Amino acid sequence: MATGYDRPNTAARFANTLIRTLAEAGISIAGTRAIAVRGRKSGKQRRAVINLLTVDGVDYLVAPRGDTEWVRNVRAAGQLEIGPRWHRRPARAIEVADADKPEVLRRYLQRWYWQVKGYVAGLTPDSGDAELRDAASSIPVFSLR
């Protein structure tokens, strides 16, 4: 389980808010999707933007920044809603075991390395299985059902 969290700076928070607003309106930028999850402390609906990765028909959420607020909320709730405001669909989130993460991480990096290169423990799309396994505990991954 990841223990660190690379908090976004002010500019990144502003950009995330803008991209989340677009995703909630149904406008995806490079695969972004809006999620809503019940807060583990407040019980209020919390919103975030993620990159949805599909591998062999299974949707995955990857948290390159580590143990973020949305990750902790998803762990506590076990479910979330995904999609634009007017058409959110419920999904059950199951955390992927570290041993099963390397291929998902490789695919994620192949698609979004340009966006997350500063947050993925020095990984690149060309990282080997051993490097991916070593970093797996610091990058939470969930499969959606």
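Our structure's up above, just so we're on the same page.
Thresholds applied
- Residues numbered from 1 in each chain as written.
- Predicted model: local features only at pLDDT ≥ 70, side-chain atom pairs only at ≥ 80, totals over all residues.
- Heavy atoms only, no water.
- Helix = DSSP H or I, 4+ residues; strand = E, 2+ residues; numbered from the N terminus.
- Rg over C-alpha atoms; globule rule 2.2 N^0.38 Å.
- Buried < 20%, exposed > 50% of the residue type's maximum accessible area, 1.4 Å probe, protein only.
- Expected span 1.5 Å × (residues − 1).
- Bend = angle between axes of the 7 residues up to and from the residue.
- Contact = heavy atoms within 4.5 Å.
- Salt bridge = Lys/Arg side-chain N within 4 Å of Asp/Glu carboxyl O.

So, on to the overall build of the protein chain. Across its full length, the protein chain carries 4 helices and 6 strands. Helices and strands appear in the protein chain in the N-to-C order α-β-β-β-α-β-β-α-α-β. Against the globule reference of 15 Å for 145 residues, the protein chain gives a C-alpha radius of gyration of 14 Å, in line with a compact fold. Dimensions along the principal axes, computed over C-alpha positions, put the protein chain at roughly 40 × 30 × 30 Å. When the 145 residues of the protein chain are sorted by exposure, 43% land in the buried category.

Compared with the 21 Å implied by 1.5 Å per residue over 15 residues, the 16 Å span of helix 3 (residues 102-116) between its first and last C-alpha is markedly short. Of all the bends in helix 3, the greatest measures close to 60° and is centred on Gln-110. Considered for burial, the residues of helix 3 that qualify are Pro-102, Val-104, Leu-105, Arg-106, Tyr-108, Leu-109, Trp-112 and Val-116. Where helix 3 is buried, its residues touch strand 2 (45-55), strand 3 (58-62), helix 4 (129-135) and strand 6 (141-144).

Oppositely charged side chains are able to pair whenever their charged atoms sit close together. Applying the stated criterion across every chain, the model contains 9 salt bridges. The salt bridge involving Asp-67 is made with Arg-75; its shortest N-O contact spans 2.5 Å. Accessibility expressed as a relative area gives 11% for Asp-67, which makes it buried. Here Glu-69 ties to Arg-72 by a salt bridge, and the two come within 3.3 Å at their closest N and O atoms. Residue Glu-69 and its partner Arg-72 are located together in helix 2 (residues 69-77), separated by 3 residues, close to a single helical turn. Residues joined by salt bridges that share partners form a network here, namely Glu-103, Arg-106, Arg-107 and Asp-129.

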